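Here is what each chain is made of, one letter per residue.
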Amino acid sequence: MLKGRTYLLVIIGLTLVLFIALTCFFNAGSLKQKNQTPVADTLKSWTILTIPDGGSLYSVLGKTSLPMQEIAVFAIQFGEQIDVTTIQPGDTLKIKLTPDNQKIERLIYVPEIDEQHHFYLQGDSLVYRRANLPIQKIIRLLNGTLDNTLDKSLLAMGLNPTEKQQINNGLESEINFQRDAKNGDTFQVLLEERYLGKIRLPKSKIIYASYNGKKTGLHELFRYTDTDEQSTLNGLYTKDGKSNNVSGVGYPLNRIHTVSSFGRRIDPIYGSWRMHQGIDYRAGYGTPVFAVANGTVTMASWYGGYGKTVIVRHPSGYSTQYSHMSSIGVNKGQKVKRGQIVGRVGSTGKSTGAHLHFGLKSGKSYINPTNLRMVGAEKLNSSQMVRFKEQQAQIRQLLLQRNIS
Ligand SMILES: [Zn+2]
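It should be emphasised that the depicted structure is a prediction, and the values quoted were computed from it without experimental measurement. (Residues numbered from 1 in each chain as written. Predicted model: local features only at pLDDT ≥ 70, side-chain atom pairs only at ≥ 80, totals over all residues. Heavy atoms only, no water.)

**Student:** How would you sum up the overall build of the chain? Please name residues and give values.
**Tutor:** The number of helices and strands found in the chain is 7 helices and 24 strands. Out of the 405 residues belonging to the chain, those deemed buried represent 40%. Counted over contacts in the chain with a minimum sequence separation of 6, partners at least 24 positions apart contribute 58%. As displayed, the chain offers around 23,100 Å² of accessible surface, 55% of which is attributable to carbon and sulfur atoms. (Helix = DSSP H or I, 4+ residues; strand = E, 2+ residues; numbered from the N terminus. Buried < 20%, exposed > 50% of the residue type's maximum accessible area, 1.4 Å probe, protein only. Contact = heavy atoms within 4.5 Å. Areas by Shrake-Rupley, 256 points an atom, 1.4 Å probe, with all protein chains shown as cover.)

**Student:** Give a detailed account of helix 3 (residues 68-81), specifying residues and quantitative values.
**Tutor:** Between its first and last C-alpha, helix 3 extends 20 Å over 14 residues, near the 20 Å set by a 1.5 Å rise per residue. The complete set of buried residues in helix 3 reads E70, I71, F74, A75, Q77 and F78. Here the buried face of helix 3 lies against helix 2 (57-61), strand 3 (104-112), strand 4 (115-122) and strand 5 (125-130). (Expected span 1.5 Å × (residues − 1).)

**Student:** Any details on the nonpolar core? Residues and values, ideally.
**Tutor:** L61, F74 and L107 are the most contacted members of the largest nonpolar core, which totals 21 residues. Of all the secondary structure elements, the ones that give two or more residues to this core are helix 2, helix 3, strand 2 (92-97), strand 3 and strand 5. No other element matches the 4 residues that helix 3 contributes to this core. (Core = buried A, V, L, I, M, F, W, Y, C linked by side-chain atoms within 4.5 Å.)

**Student:** Could you give me a rundown of the sheet that holds strand 3, with the residues and numbers involved?
**Tutor:** Ordered by their spatial adjacency, 5 strands build an open sheet running 1-2-3-4-5, and the pairing between neighbours is antiparallel. Edge positions in the open sheet fall to strand 1 (47-50) and strand 5, since each of these has one partner strand only. Geometrically, the sheet is characterised by an average inter-axis angle of 20° between neighbouring strands, direction not taken into account. Judged from the 4 bridges that link them, strand 1 and strand 2 form a sheet pairing that is antiparallel. The residue of strand 2 that forms the bridge with T47 is I95. Lying over the sheet, helix 3 contacts strand 3, strand 4 and strand 5, oriented at roughly 25° with respect to strand 5. (Pairing = 2+ DSSP bridges. Axes fitted to C-alpha atoms, helices over the stretch in contact; angles between N-to-C directions.)

**Student:** Got a sec to walk through the confidence of the model for the chain? Specific residues and values, please.
**Tutor:** Caution applies to low-pLDDT regions: their predicted coordinates should not be interpreted in detail. Of the residues in the chain, 77% have a pLDDT of 70 or more, and the chain-wide mean is 80. Counting contacts from residues 21-43, a segment whose pLDDT is below 50, to residues more than four positions away or on other chains yields 3 contacts. (pLDDT = per-residue confidence, 0-100.)

**Student:** Explain the packing of aromatic side chains to me, using residue names and the numbers behind them.
**Tutor:** Applying the stated criterion across every chain, the model contains 13 aromatic pairs. Their ring planes at 50° and their centres at 5.5 Å tell us that Y322 and F358 sit as a pair that is tilted. Pair noted here: Y322 is in strand 19 (residues 318-325) and F358 is in strand 23 (residues 355-362), with a separation of 36 residues, a long-range link. Taking the relative accessible area as the measure of exposure, Y322 reaches 0% and is therefore buried. For F358, a relative accessible area of 0% gives the class buried. An aromatic cluster of three or more residues is present, and its members are F74, F78, Y109, F119 and Y128. (Phe/Tyr/Trp six-rings, centres within 6.5 Å; stacked < 30°, edge-to-face > 60°.)

**Student:** Requested: an account of the sheet that holds strand 22 (residues 341-344), with residues and values cited.
**Tutor:** The strand order across the open sheet built from 3 strands is 16-22-20, with neighbouring strands paired in antiparallel fashion. In this open sheet, the two edge strands, each paired with only one partner strand, are strand 16 (288-290) and strand 20 (327-328). As paired elements, strand 20 and strand 22 share 2 bridges and run antiparallel to each other. Residue pairing for strand 22: I328 is matched across the bridge by G343.

**Student:** Lay out helix 5 (residues 161-172) with the relevant residues and their values.
**Tutor:** Taking 1.5 Å per residue as the helical rise, helix 5 with its 12 residues ought to reach 16 Å, and the 15 Å between its terminal C-alpha atoms agrees with that figure. Every buried residue belonging to helix 5 is among E163, K164, I167, N168, N169, G170 and L171, and all of these are buried. Elements that come into contact with the buried residues of helix 5 comprise helix 4 (150-156), helix 6 (177-180), strand 7 (186-196), strand 8 (199-200), strand 9 (205-213) and strand 10 (217-224).

**Student:** Requested: an account of the pattern of salt bridges, with residues and values cited.
**Tutor:** Pairing between side chains of opposite charge can happen when the charged atoms of each approach one another. Taken as a whole and assessed by the stated rule, the structure comprises 8 salt bridges. Taken together, the shared-partner salt bridges connect R140, E163, E193 and R200 into one network. (Salt bridge = Lys/Arg side-chain N within 4 Å of Asp/Glu carboxyl O.)

**Student:** Break down the pairing of strand 3 for me, with residues and values.
**Tutor:** In this sheet, strand 3 lies alongside strand 2 in antiparallel orientation, the contact comprising 5 bridges. In the strand pairing of strand 3, L93 is matched with Y109. Connecting strand 2 to the antiparallel partner strand 3 that follows it, the hairpin turn spans 6 residues, and N101 within it adopts a positive phi of roughly 65°. Bridging between strand 3 and strand 4 involves 5 bridges; their strand directions are antiparallel. Residue E112 lies in a different strand from strand 4, and its bridge partner there is E115. The loop that links strand 3 with its antiparallel partner strand 4 comprises 2 residues.

**Student:** I'd love a proper account of the environment of L159, names of residues and values included.
**Tutor:** Residue placement: L159 occurs in the loop between helix 4 and helix 5. A residue is classified by how much of its surface remains accessible, and L159, at 4% relative accessible area, is buried. Linking L159 and L142, residues 17 residues apart in sequence, is a C-alpha distance of 9.8 Å. Leave out the neighbours within four places in its chain, and L159 touches L142, L154, K164, I167 and L191.

**Student:** Outline the pairing of strand 5, listing residues and values.
**Tutor:** Relative to strand 5, strand 4 runs antiparallel, the two being bridged by 6 bridges. Following the sheet pairing, L121 is matched in strand 5 by L126. Taking the residues between adjacent antiparallel strands as the criterion, strand 4 and strand 5 are bridged by 2 residues, where G123 takes a positive phi near 65°.

**Student:** For unusual backbone geometry, give the residues involved together with the corresponding values.
**Tutor:** If a residue is not glycine, its phi is most likely negative; likewise, a peptide bond is most likely trans. One non-glycine residue with positive phi stands out, namely N101, at about 65°. With respect to the helices and strands, the residue N101 is situated in the loop between strand 2 and strand 3. A positive phi angle is found at N148, which is not glycine, with a value near 70°. Structurally, the position occupied by N148 is in the loop between strand 6 (135-145) and helix 4.

Following this line, the structure appears as structure tokens:
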């Protein structure tokens, strides 16, 4: 009797299990079908790719299903249209692939609000178009009176820190502010502001800046605009063509800890006195190393005892050297901008531990890199000087109009 009941329970149990299993199977089947529509939808819609720290256009596109060949071809086309050195970690690419995932159908890259690059598939190839935004340029003259510091006074006028810094750097090497600036001194700034609708775009051009004080006398800076829009020569100069483009120079590392300075020292490898042709900065393995100024890479390879080395030649005629790196991030012949990563700190070559050897060369001789300010200085040649004189006259004309109105 007991046995019969057990059988019955087992049979009911099994039936239940079978029923549940079948229900699940069919439900799963229908769920699968339901899911197929959204999957197809996402294939058609946009994907946003963000350039990671240390990443590149290649690496980020490599995360899509695009074939390598397609990525390589696109990277070349991209490089022809857009200055790739401006790609920063955090930048995004909006991308839409063809339904078979084999080609880019649309791609949008917007590094700045006023700089929108579009690629779209037409027939078999991608067509490039830069969005023409209705940007309005407004020239504005700011008149100021010194109130304690020039920094404070310029910011109070509504300039942003980058704009302020350009003027500051330019005037600083002309005027001893600590000694000669007095409250009540006057200054003028002629700005070309750009607006997209009502939005003031962050990069205003400073066309002219002047400072006039009892003790300082009058000092003026004029903008030189080269025929090449991308030229590193573009910037502020004194009227005789002297650039004080200190803002064009940065540091090779985020944090500077000097462990060995320029000059005679006991060689850490050989133990004898040797001339140290640079400065050693202590930094952790893998720390990014930055180009200190705009320039062209003349070496990106192993360099004897210096190990993995990058040398950048700057328009000022100086070269900077970055050595003992663990990896090199640029190629010979490549143009680099100030602050661009050229490699990572390491201990390659004759080195006793992770550090950056930073050297500065003028022609063929090494000089003390603490004179770094000179690296960013630009010089105008005689034909550029002719152009600059014409531009100065135009700027004076603009000033005259603004001062009257
Ligand atoms: Zn060294």
